[in-house]
Amino acid sequence: MSKRLFAIRGATGAENTAESIRKNVCEMCLKLFSENKLEPIDFVSIQFTITDDLDKLNPAAALRKGQSEFDVSAIPLFCSQEPKIEGSPEKMIRLLVTAYLEEGVTPVPVYINGAEKLRPDFAKKI
């Protein structure tokens, strides 16, 4: 079976501590990687956005340092600040994974730890 390029979304809430950011980013990423059966070779890149009220740890650094179950050392990671929009949920980290999956599959987004409210249509209890 051939592969094609997909963009897979995810998000998590966190408290403004390095430990909370690290724990929640790693939990979100590992669930998304597992649910989508991703291997390191499948990745093109991972991009995070973070709301301005979370400033204790960069999510890309959190993923690189915070887990050992999945080797992300060769995956390009990037983080930027989420635009500040009146009424938007606070303390959110969003994720966009660009990766190759088997053609015909449906990517599985992961919204956890309070981020379910961002996309209740995609939120899934895992």
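Residues numbered from 1 in each chain as written. Predicted model: local features only at pLDDT ≥ 70, side-chain atom pairs only at ≥ 80, totals over all residues. Heavy atoms only, no water.

**Side note on the pattern of salt bridges**
Here is step 1: Summed over all chains, the structure comprises six salt bridges.
Here is step 2: Here Lys-91 and Glu-15 are joined by a salt bridge, their closest N and O atoms 3.3 Å apart. You can see Lys-91 sitting in the loop between strand E3 (77-81) and strand E4 (92-102) and its partner Glu-15 sitting in the loop between strand E1 (3-13) and helix H1 (18-35), a full 76 residues away along the chain.
Here is step 3: Judged by its relative accessible area of 30%, Lys-91 is partly exposed.
Here is step 4: For Glu-15, a relative accessible area of 47% corresponds to the partly exposed category.
Here is step 5: Among the ionic pairs, Lys-31 bridges to Glu-27, the shortest N-O distance being 3.3 Å. With a gap of four residues between them, Lys-31 and Glu-27 both fall in helix H1, about one helical turn apart. (Salt bridge = Lys/Arg side-chain N within 4 Å of Asp/Glu carboxyl O. Helix = DSSP H or I, 4+ residues; strand = E, 2+ residues; numbered from the N terminus. Buried < 20%, exposed > 50% of the residue type's maximum accessible area, 1.4 Å probe, protein only.)

**Focus on the sheet that holds E1**
Here is step 1: Strand order in the open sheet formed by five strands is E3-E2-E4-E1-E5, and the pairing between neighbours is mixed. Edge positions in the sheet fall to E3 and strand E5 (110-112), since each of these pairs with one other strand and no more. Across the sheet, the axes of successive neighbouring strands diverge by a mean angle of 15 degrees, strand direction being ignored.
Here is step 2: One ladder, built from three bridges, connects E1 with E5; its direction is parallel. Pairing of Gly-10 across the sheet is with Val-110, part of E5.
Here is step 3: Of the strands in this sheet, E1, strand E2 (43-50), E4 and E5 touch H1, which is tilted by about 150 degrees from E1.
Here is step 4: On the sheet, helix H2 (residues 59-66) packs against E2, E3 and E4 and is oriented at approximately 125 degrees with respect to E2. (Pairing = 2+ DSSP bridges. Axes fitted to C-alpha atoms, helices over the stretch in contact; angles between N-to-C directions. Contact = heavy atoms within 4.5 Å.)

**Quick word on the packing of H1 against H2**
Here is step 1: Two elements in contact, H1 and H2, have axes whose closest approach is 9 Å; the angle formed by their N-to-C orientations is 75 degrees. By the criterion of interaxial angle, the relationship of H1 to H2 is roughly perpendicular. Residue-level contacts link Ile-21, Arg-22, Val-25, Cys-26, Cys-29 and Phe-33 of H1 to Pro-59, Ala-62, Leu-63 and Gly-66 of H2. (Parallel < 35°, antiparallel > 145°, perpendicular 65-115°, else oblique.)

**What to know about the packing of aromatic side chains**
Here is step 1: Counted according to the given criterion, the structure contains three aromatic pairs.
Here is step 2: With a centroid separation of 5.0 Å and an interplanar angle of 75 degrees, the aromatic rings of Phe-33 and Phe-43 are classed as edge-to-face. Of this pair, Phe-33 sits in helix H1 while Phe-43 is found in strand E2, placing the two residues ten residues apart along the sequence.
Here is step 3: With a centroid separation of 4.6 Å and an interplanar angle of 40 degrees, the aromatic rings of Phe-33 and Phe-70 are classed as tilted. With Phe-33 in helix H1 and Phe-70 in the loop between H2 and E3, this residue pair connects regions lying 37 residues apart in the sequence.
Here is step 4: On the accessibility criterion, Phe-33 (2% relative accessible area) is buried.
Here is step 5: An aromatic cluster is present here, built from Phe-33, Phe-43 and Phe-70 joined pairwise through their rings. (Phe/Tyr/Trp six-rings, centres within 6.5 Å; stacked < 30°, edge-to-face > 60°.)

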